[in-house]
Amino acid sequence: MRKLILISIMILIGQNLANAHTCENENVKCPIDGKKVSFCVTMSMTTFGSFKDFQKQGAIGDHYEELINTCPKCHFSGYIEDFKTKFTEEEKIKIKEFLTKFDTIKIDDARQCLIAAEIKELIDKTKKEIAFCYITGSYLLRENDKETEFRKELQIKAKDNLILALQKNEYSDKTVIANINYLIAEMCRRTGNFDDAVKYYDLAISDPNKKDWVESVAKEQKELALKKDENNKI
């Protein structure tokens, strides 16, 4: 009997390990000053659905915290691919001068996302790339009630860039546009802009190219907007 219990425990432990988030360290050099920066690159994780703003849930560990990192010397921030970018000397000077405004600021995970987004704005990356840096930052503040205003600032910036991304036709897949309108609506609702939230939920619901899940979820979230509910925990 004791042996059977031990075997059962071993099986459960093995299942939990198989479902856990794993990552592998990768060292890169800052493209601005050459300082070594270490990323823990996600190798595997198990998701169990998502929040209503598309943040994945499940055995994901520090997946979102690890997506964007910062050079400890100059504060250059971005995804691991951004650290592998080759900038011209002119671009390096431009970025380095821009980063000086963060010299006296404590840089946490969410602010790394802010810096990454602002660098992308500086070098004219696509609006959708910029938006998702801001959104990632907002994910990291979901449970932080002391940073509500900063979280809303990130969500408003994300919303503005998603709108511009649609205007610039950055989404070639027409079935994705309803998703983006829905996400814009969520950013509006979570920041108390309920009239615009309803407008963008309706755009998502009425989109003939929308995916099957969009209508029911958008209608559900629209009800919150109509009640002026800006719940960010869902």
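Our structure's up above, just so we're on the same page.
Residues numbered from 1 in each chain as written. Predicted model: local features only at pLDDT ≥ 70, side-chain atom pairs only at ≥ 80, totals over all residues. Heavy atoms only, no water.

Caption draft 1: Examining the overall build of the protein more closely. For the protein, the helix and strand inventory stands at 10 helices and 6 strands. C-alpha atoms of the protein, sized along the principal axes, occupy 70 × 45 × 35 Å. Burial status across the protein gives 42% buried among its 234 residues. When contacts within the protein are restricted to residue pairs at least 6 apart in sequence, long-range pairs at least 24 apart make up 60% of them. Accessible surface computed for the protein: about 12,900 Å², of which carbon and sulfur atoms make up 52%. (Helix = DSSP H or I, 4+ residues; strand = E, 2+ residues; numbered from the N terminus. Buried < 20%, exposed > 50% of the residue type's maximum accessible area, 1.4 Å probe, protein only. Contact = heavy atoms within 4.5 Å. Areas by Shrake-Rupley, 256 points an atom, 1.4 Å probe, with all protein chains shown as cover.)

Caption draft 2: Quick look at the packing of helix H8 (residues 177–190) against helix H9 (residues 194–206). Where H8 contacts H9, the axes come no closer than 8 Å and their chain directions differ by 165°. With respect to their mutual orientation, H8 and H9 come out roughly antiparallel. The chirality of how H8 crosses H9 is left-handed. Only Phe 194, Asp 196, Ala 197, Tyr 200, Tyr 201, Leu 203 and Ala 204 of H9 make contact with H8, whose side of the interface consists of Ala 178, Asn 181, Tyr 182, Ile 184, Ala 185, Glu 186, Cys 188 and Arg 189. (Axes fitted to C-alpha atoms, helices over the stretch in contact; angles between N-to-C directions. Parallel < 35°, antiparallel > 145°, perpendicular 65-115°, else oblique. Left-handed = near helix turned anticlockwise from the far one by under 90°.)

Caption draft 3: Spotlight on unusual backbone geometry. For Phe 54, which is not glycine, the phi torsion reads 80° and is therefore positive. Note that Phe 54 resides in the loop between strand S3 (46–50) and strand S4 (56–59). On the basis of relative accessible area, Phe 54 is assigned to the partly exposed category, the value being 28%. Positive phi values are uncommon outside glycine, yet Asn 169 reaches one of about 55°. In this fold, Asn 169 is placed in the loop between helix H7 (148–167) and H8.

Caption draft 4: Representation of the packing of aromatic side chains within the structure. One pass over the structure, following the stated rule, counts 9 aromatic pairs. Ring plane angle 75° and centroid distance 5.1 Å describe the contact between Tyr 64 and Tyr 139, whose orientation is recorded as edge-to-face. Of this pair, Tyr 64 sits in helix H2 (residues 63–67) while Tyr 139 sits in helix H6 (residues 127–139); the two residues are 75 residues apart in sequence, bridging distant segments of the chain. Given a relative accessible area of 8%, Tyr 64 falls into the buried group. (Phe/Tyr/Trp six-rings, centres within 6.5 Å; stacked < 30°, edge-to-face > 60°.)

Caption draft 5: Broad picture of the side chain of Asn 232. With respect to the element layout, Asn 232 can be found in the segment after helix H10 (214–226). Owing to a relative accessible area of 5%, Asn 232 belongs among the buried residues under this scheme. Residues within four places of Asn 232 in sequence aside, it is in contact with Arg 142, Arg 151, Gln 155 and Arg 190.

Caption draft 6: Representation of the state of the cysteines within the structure. Applying the stated criterion to the full structure yields 1 disulfide. There is a disulfide in this structure between Cys 23 and Cys 40, and the S-S distance comes to 1.7 Å. Given an S-S torsion of about 65°, the disulfide between Cys 23 and Cys 40 has right-handed geometry. Pair noted here: Cys 23 is in strand S1 (residues 22–29) and Cys 40 is in strand S2 (residues 36–44), with a separation of 17 residues, a long-range link. On the basis of relative accessible area, Cys 23 is assigned to the partly exposed category, the value being 31%. Judged by its relative accessible area of 19%, Cys 40 is buried. The thiol of Cys 71 is not disulfide-bonded; the next cysteine sulfur, from Cys 30, is found 3.8 Å away. In this structure Cys 71 comes out as buried when scored by relative accessible area, which is 0%. (Disulfide = S-S within 2.5 Å.)

Caption draft 7: Up close: the pattern of salt bridges. Counted under the stated rule, the structure contains 19 salt bridges. In this structure, Asp 53 engages Arg 190 in a salt bridge whose closest nitrogen and oxygen atoms are separated by 3.6 Å. In this pair, Asp 53 sits in the loop between S3 and S4 while Arg 190 sits in helix H8, placing the two residues 137 residues apart along the sequence. Salt bridges linked by common partners bring Asp 53, Arg 142, Glu 186, Arg 189 and Arg 190 together as one network. (Salt bridge = Lys/Arg side-chain N within 4 Å of Asp/Glu carboxyl O.)

Caption draft 8: Representation of the pairing of S1 in the model. Across 8 bridges, S1 lies against S2 in antiparallel orientation. When the bridges of S2 are listed, Val 28 appears paired with Val 37. Connecting S1 to the next strand, S2, in antiparallel fashion are 6 residues, including Gly 34 with a positive phi near 80°. (Pairing = 2+ DSSP bridges.)

Bear in mind that shape data such as this cannot, by itself, settle questions of function.
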